[in-house]
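Given next are the chains, with one letter for each unit.
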Amino acid sequence: MKWYTKLALVFGGMILFVVGFIIYDQLTSGKIIYKTLADGTQGKEQIIKFNIENPELTHVLIINPSIESGWGDPDVFISATLTDPQDNTLITIGREIVFGGTKPSPMYERSYSDYEEKFPFKPTEAGEYTLSLTVLTEHVKDVYIAISQKGK
């Protein structure tokens, strides 16, 4: 087999891998119905309200903190509570969730997606939902928040 045939096969495999990852991400995340950036100030409670129109579908809360430039890739802790229109708690996030996780080796550097966490939930009814969020870690620039809905 010629070198350019091998190279073409490698590139073809890489393209298939990327397409597969995109499809997997879409299946696990779904269609984004709401997104915002929350302030990353440590200890500042923020209230984010959004509407859900299709409670029969499974939804996903996506939280992705962004670290301030020059502070490396620290573990990030966030406290958050998602409640429905009747003030029932659907999701509680505390110190047991580490955004960023543990470094597998000293040479490893985290990427932006390493901080993203997804929390599936089933809405109880259509209406206004509330996310109360507090960043517990220093040097967080902002927090990307998104709500997606999965198809049936």
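Keep in mind the model is a prediction, meaning the values are calculated, not measured.

1. Thoughts on the nonpolar core
Judged by nonpolar contacts, the single largest core of 25 residues is most densely connected at Leu 61, Ile 63, Leu 131, Leu 133 and Ile 145. Taken together, the elements giving at least two residues each to this core come down to β2 (45–52), β3 (59–67), β4 (78–83), β5 (89–93), β6 (117–121), β7 (127–135) and β8 (140–149). Setting aside anything within four residues of it in sequence, one finds Leu 131 in contact with Gln 46, Ile 47, Ile 48, Phe 50, Leu 61, Ala 80, Thr 81, Leu 82 and Ile 145.

2. Focus: the pattern of salt bridges
With the rule as written, the count across this model stands at two salt bridges. For Lys 44, the salt bridge is made with Asp 39, and the minimal N-O distance between the two is 3.1 Å. Owing to a relative accessible area of 39%, Lys 44 belongs among the partly exposed residues under this scheme. Two residues, Glu 116 and Lys 118, come together in a salt bridge whose shortest N-O distance is 3.7 Å. With a relative accessible area of 26%, Lys 118 lands in the partly exposed category.

3. With respect to the packing of aromatic side chains
Within this structure, the stated rule accounts for four aromatic pairs. With a centroid separation of 6.2 Å and an interplanar angle of 20°, the aromatic rings of Phe 50 and Tyr 129 are classed as stacked. Within this pair, whereas Phe 50 is found in strand β2, its partner Tyr 129 is found in strand β7, the two being separated by 79 residues in sequence. Here Phe 50 matches Tyr 129 in class, with each residue buried. Feature note: the residues Tyr 34, Phe 50 and Tyr 129 constitute an aromatic cluster, connected by ring pairs. The ring of Phe 77 carries Arg 95 above its face, with NZ or CZ at 4.9 Å from the centroid.

Criteria and cut-off values
Residues numbered from 1 in each chain as written. Predicted model: local features only at pLDDT ≥ 70, side-chain atom pairs only at ≥ 80, totals over all residues. Heavy atoms only, no water. Core = buried A, V, L, I, M, F, W, Y, C linked by side-chain atoms within 4.5 Å. Buried < 20%, exposed > 50% of the residue type's maximum accessible area, 1.4 Å probe, protein only. Helix = DSSP H or I, 4+ residues; strand = E, 2+ residues; numbered from the N terminus. Contact = heavy atoms within 4.5 Å. Salt bridge = Lys/Arg side-chain N within 4 Å of Asp/Glu carboxyl O. Phe/Tyr/Trp six-rings, centres within 6.5 Å; stacked < 30°, edge-to-face > 60°. Lys NZ or Arg CZ within 6 Å of the ring centre and 35° of its normal.

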